[in-house]
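Secondary and tertiary structure notes
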Amino acid sequence: MTTAGAHDGALEHLKREGRIVIVGASLAGLRAAETMREKGFAGSLTLIGDEPHEPYDRPPLSKQVLLGNAVADHTTLPRRRAIDADWRLGVPATGLDMAARRVRLGNGDEVEYDRLLIATGVRARPWPNAEEASLDGVFVLRTRDDAVGLQRALTDSPRRVVVIGAGFTGSEIASACRERGLNVTVAERGSAPLVGALGGVIGEVAAEMHREHEVDLRTGVMVTALEGDPSGRVRAAHLSDGATVEADVVVVSLGAQRNTEWLAGSGLGAGPRGIACDAGCRAFDVRGIVTDDIYVAGDVARSPHALFGYQFLSLEHWGNAVAQADTAAHNMLSVSADRRPHLWVPAFWSSQFGVNIKSVGVPPMGTEIMITQGSPAERRFAAVYGYQGRVIAAVTFDNCRWLPFYEHQIESTAPFPPPFSTVDRRPEGNKPVPADFPDPSVPTHGPTITLSGYSPADRKMTFTPGR
Amino acid sequence: MRLVVDLNRCQGYAQCAFLAPDVFAMHGDESLLYNPEAPPEQREDVLRAVAACPVQAILLELTDEDMANMPAADAAGSSAPSGGPR
């Protein structure tokens, strides 16, 4: 038998009676399972999820659920097809034995696999002080249960809500609160909302939107402490500028942490920044060697993207979870020559203060920005980001029908600044300006120590105090 | 009836909000809000909305309850969830 023949035989065997385990029962895990069955996988399929719910959709939780237009328990994802899986819900994976091809579960069970897909995603970064985080009225928003609790607290007509962090989730929460007529204070460490994702120029537009809708927006401040009353209910947030804001509800919206702790010591290349994998979704081990039987998809994955200089990108995007799951599932059931790369162009949306914000490409790679259509003052515009003379990303506010055009520009490395002009190009948008992203080399979280020097003999330590 | 809209794909044409206004609603000029678990009595409207979406962004799964009382001709064609990517 030829080598190719032997490989085909192994693949046929896998498809017929192999064991595939998916850890992570959310959007990426479900879509991967569907694709595997579509491709004729007839073996045993196990889905492991730490939440007790079958896969549900998260984007509505910070939008229509908080507005009261949908019920948090009603966001179960529709299925594209039956997947005939063995569901292990409400039990987390706690360990991985790569040599024995075995996943350990929190209840002591072990599940063996021939192919493993890891799609454990991220979780909300909690408030760092556990005692303050456990006060009544302090929430994060990531899961369905979080949304049920927060929605209930907002229905109780709190006198004021404090939102810590003005990223997309924090801004959407603030927007929903205002729409419900609630007083809301947003405390953001950066210079403006959304500044990390979209830069200072767009951040300024977002800040104006907050203020127009009477959000009490405080930028350049950190929340230093949450204060409770004797009954254990939160009553105030203390800010780094000395101010105190009284509130009945505090929503901690400080981004996400990747769910990789369960892989510690497994030998897989997993850490706080996610699980590194190749463009075909195959995970790297700690030695930087690609595995043959372990794949990664969704928020927890970090994969190199050819269009963006092979930079390893972690994308916490809905569409990325769908596309990467599909690619991983395809590759898991294919011989190497038939595998395909995950080349999805990053894209996301947000809805806040009645404005639809959408983006394609990688805005934080951009060094310059130029308004190409419409006007920020009217909250209706398209802007493109430039990087080394090419278009690297675009964002629209209530102008989403232009996005496919810009997506093509990014895919074809079109020149920046764009040579075309449009009928609605305003004078203020005629030339690029700096996109004004925060300097990534400046530490923002507490004190850090960095090492310098070429050999261990001349290593130096530099201490940077917290800001 | 479970549904999800791929809002990366959605371009705010509002056909769904026009055809099934109890399930889909525009919020501002182009943001879409929808009820991800629509009641069975909305079935006909939702099926029309799924079919009319110019970018085919709505994925719908009909549950057993939705399939009950389905006219025979429809039921034959809907054994698989309607509205998937085409």
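Per-chain numbering applies: the sequence of each chain, read as written, is numbered from 1 onward. The lettering of chains begins at A and the numbering of ligands begins at 1, in the order of writing. Only residues with pLDDT of at least 70 are given local features in this predicted model, and only at 80 or more are side-chain atom pairs given and counted; all residues enter the totals for whole chains, interfaces and linings. Side-chain calculation: all heavy atoms of the structure are included, whereas hydrogens and water are not.

So, about the overall build of chain A. The way it works is that DSSP assigns letters per residue, a run of H or I at least four long becomes a helix, a run of E at least two long becomes a strand, and they are numbered from the N terminus. A count of helical and extended segments in chain A gives nine helices and 31 strands. Radius of gyration: C-alpha atoms only; globule rule: 2.2 Å multiplied by the number of residues to the exponent 0.38. For chain A, whose C-alpha radius of gyration is 24 Å, the value lies close to the compact-globule estimate of 23 Å for 467 residues. Partitioning the intrachain contacts of chain A with sequence separation of at least 6 by distance along the chain shows that 63% fall at a separation of at least 24. Surface exposure here means Shrake-Rupley accessible area, sampled with a 1.4 Å probe, where a residue is shielded only by the protein chains that are shown. Split by element, the accessible area of chain A, about 20,000 Å² in all, is 51% carbon and sulfur. For chain A, the distance from the average site of its 48 positive side-chain charges to the average site of its 55 negative ones is 3 Å. Contacts were defined at the residue level, with two residues in contact if any of their heavy atoms lie within 4.5 Å. Positive: Lys, Arg. Negative: Asp, Glu. His and the chain ends are not part of the count. In plain terms, the charge of a residue is placed at NZ if it is Lys, CZ if Arg, CG if Asp and CD if Glu.

Take the packing of helix H2 (residues 27–38) of chain A against helix H8 (residues 318–332) of chain A next. Residues and elements named next belong to chain A. Axis geometry follows a simple rule: fit a line to the C-alpha atoms, using only the stretch in contact for helices, then measure angles between N-to-C directions, giving values from 0 to 180 degrees. Put simply, H2 and H8 touch, their axes get as near as 8 Å, and they point 35° apart. For the element pair H2 and H8, the recorded crossing hand is right-handed. Contact residues: H2 offers Leu27, Ala28, Arg31, Ala32, Thr35 and Met36, while H8 offers Trp318, Ala321, Val322, Ala325, Asp326, Ala329, His330 and Met332. Each residue receives one of three labels: charged for Asp, Glu, Lys and Arg, nonpolar for Ala, Val, Leu, Ile, Met, Phe, Trp, Tyr, Cys and Pro, and polar for the others, Gly being one of them. Looking at the contact of H2 with H8, its residues break down into ten nonpolar, two polar and two charged. Should the near helix be turned anticlockwise from the far one by less than a right angle, the crossing is termed left-handed; should it be turned clockwise, right-handed.

Another aspect to go through is the packing of aromatic side chains. All names here are of chain A. In summary, the pairing rule links any two rings of Phe, Tyr or Trp, Trp by its six-membered ring, whose centres are within 6.5 Å, and it sorts them by plane angle into stacked for under 30 degrees, edge-to-face for over 60 and tilted for everything else. Counting across every chain of the model gives ten aromatic pairs over all chains. On the basis of an interplanar angle of 65° and a centroid distance of 5.0 Å, the ring pair of phenylalanine 168 and phenylalanine 348 is categorised as edge-to-face. In this pair, phenylalanine 168 is assigned in helix H6 (residues 168–179) and phenylalanine 348 in strand S24 (residues 347–352), connecting sequence segments 180 residues apart. Summarising the burial analysis for this pair, phenylalanine 168 and phenylalanine 348 share the class buried. Remark: exposure states derive from per-residue accessible area (1.4 Å probe, protein chains only) relative to the maximum for the residue type, with buried under 20%, exposed over 50%, and partly exposed in between.

On to the confidence of the model for chain B, then. Mean pLDDT over chain B stands at 85; residues scoring 70 or higher make up 79%. Residue range residues 73–86 of chain B is modelled with pLDDT below 50. Its contacts to residues more than four positions away, or to other chains, number 22 contacts. Predictor confidence is given residue by residue as pLDDT, running from a minimum of 0 to a maximum of 100.

Here the focus is the pairing of strand S3 (residues 31–34) of chain B. Residue and element names in this part refer to chain B. Side chains Ser31 and Leu33 of S3 all project onto a buried face; the interleaved residues Leu32 and Tyr34 project onto the opposite face, where all are buried too. One bridge is not enough; two strands pair if DSSP finds at least two bridges between them. Two strands pair when backbone bridges link them, and strand S2 (residues 24–27) and S3 are joined in this way by four bridges, in the antiparallel orientation. Bridge pairing links histidine 27 to serine 31 in S3. Counting the residues that bridge the hairpin from S2 to S3 gives three residues, and of these glycine 28 lies at a positive phi of roughly 80°.

Turning next to the nonpolar core. One broad trend across soluble globular proteins is that nonpolar side chains are buried collectively. By nonpolar core we mean a set of buried residues, namely Ala, Val, Leu, Ile, Met, Phe, Trp, Tyr and Cys, connected to one another through side-chain atoms within 4.5 Å. Among the nonpolar cores identified, the biggest contains 72 residues, and Val161, Leu198, Ile202, Tyr385 and Phe397 of chain A are the most heavily contacted of them. Contact partners of leucine 198 of chain A, with chain neighbours within four places excluded, come to Phe168, Phe348, Ile357, Ser359, Pro363, Tyr385, Val395 and Phe437 of chain A. Judged by nonpolar contacts, the second largest core, of 54 residues, contains Leu14 of chain A together with Leu7, Val50 and Ile58 of chain B.

This part covers the side chain of threonine 396 of chain A. Residues and elements named next belong to chain A. Topologically, threonine 396 is positioned in strand S28 (residues 390–397). Classification of threonine 396 by relative accessible area gives buried; the value is 0%. Setting aside its immediate chain neighbours within four residues, threonine 396 contacts Asn356, Ile357, Lys358, Phe381, Ala382 and Leu403.

Let's shift gears to the sheet that holds strand S15 (residues 244–246) of chain A. Residue and element names in this part refer to chain A. Taken in spatial order, the three strands of this open sheet run S13-S14-S15, and their pairing is antiparallel. At either margin of the open sheet sits one strand with a lone partner, and together these are strand S13 (223–228) and S15. Sheet twist, expressed as the mean angle between neighbouring strand axes with direction ignored, is 20°. As judged from the five bridges shared by S13 and strand S14 (residues 234–239), these two strands associate in the antiparallel manner. Looking at S14, one finds that leucine 226 is bridged to alanine 237.

Much of the literature gives interface size as the accessible area that the parts lose upon coming together. Facing the 35 residues of chain A at the interface are 25 residues of chain B. Values labelled buried area give the accessible surface lost by two parts on being combined, using a 1.4 Å probe and summing over both. When the two sides are added together, the surface that chain A and chain B hide from each other amounts to roughly 2,500 Å², 51% of it contributed by carbon and sulfur. Linking arginine 380 of chain A and aspartate 29 of chain B is a salt bridge whose minimum nitrogen-to-oxygen distance equals 3.3 Å. When contributions to the side of chain A that touches chain B are tallied by element, the ones reaching two or more residues are helix H3 (64–67), H8, S24 and strand S25 (355–361) of chain A. Residues of the side of chain A that touches chain B, tallied by class, amount to 13 nonpolar, ten polar and twelve charged. Whenever Lys or Arg places a side-chain nitrogen within 4 Å of a carboxyl oxygen from Asp or Glu, that contact is recorded as a salt bridge.

All names here are of chain A. Taken together, five strands build an open sheet; the order of strands is S9-S16-S10-S11-S12 and the sheet is parallel. Strand pairing shows two members of the sheet lacking a second neighbour, strand S9 (138–139) and strand S12 (216–219), which therefore form its edges. Sheet topology note: the S9/strand S16 (residues 249–252) ladder contains two bridges and is parallel. The residue bridging valine 138 from the neighbouring strand is valine 250, located in S16.

The end-to-end C-alpha distance of H8 of chain A is 21 Å, a good match for the 21 Å that 15 residues give at a rise of 1.5 Å each. Within H8 of chain A, 13 of the 15 residues are buried, leaving the element largely enclosed by the surrounding structure. For a helix, the expected span equals 1.5 Å multiplied by the residue count minus one.

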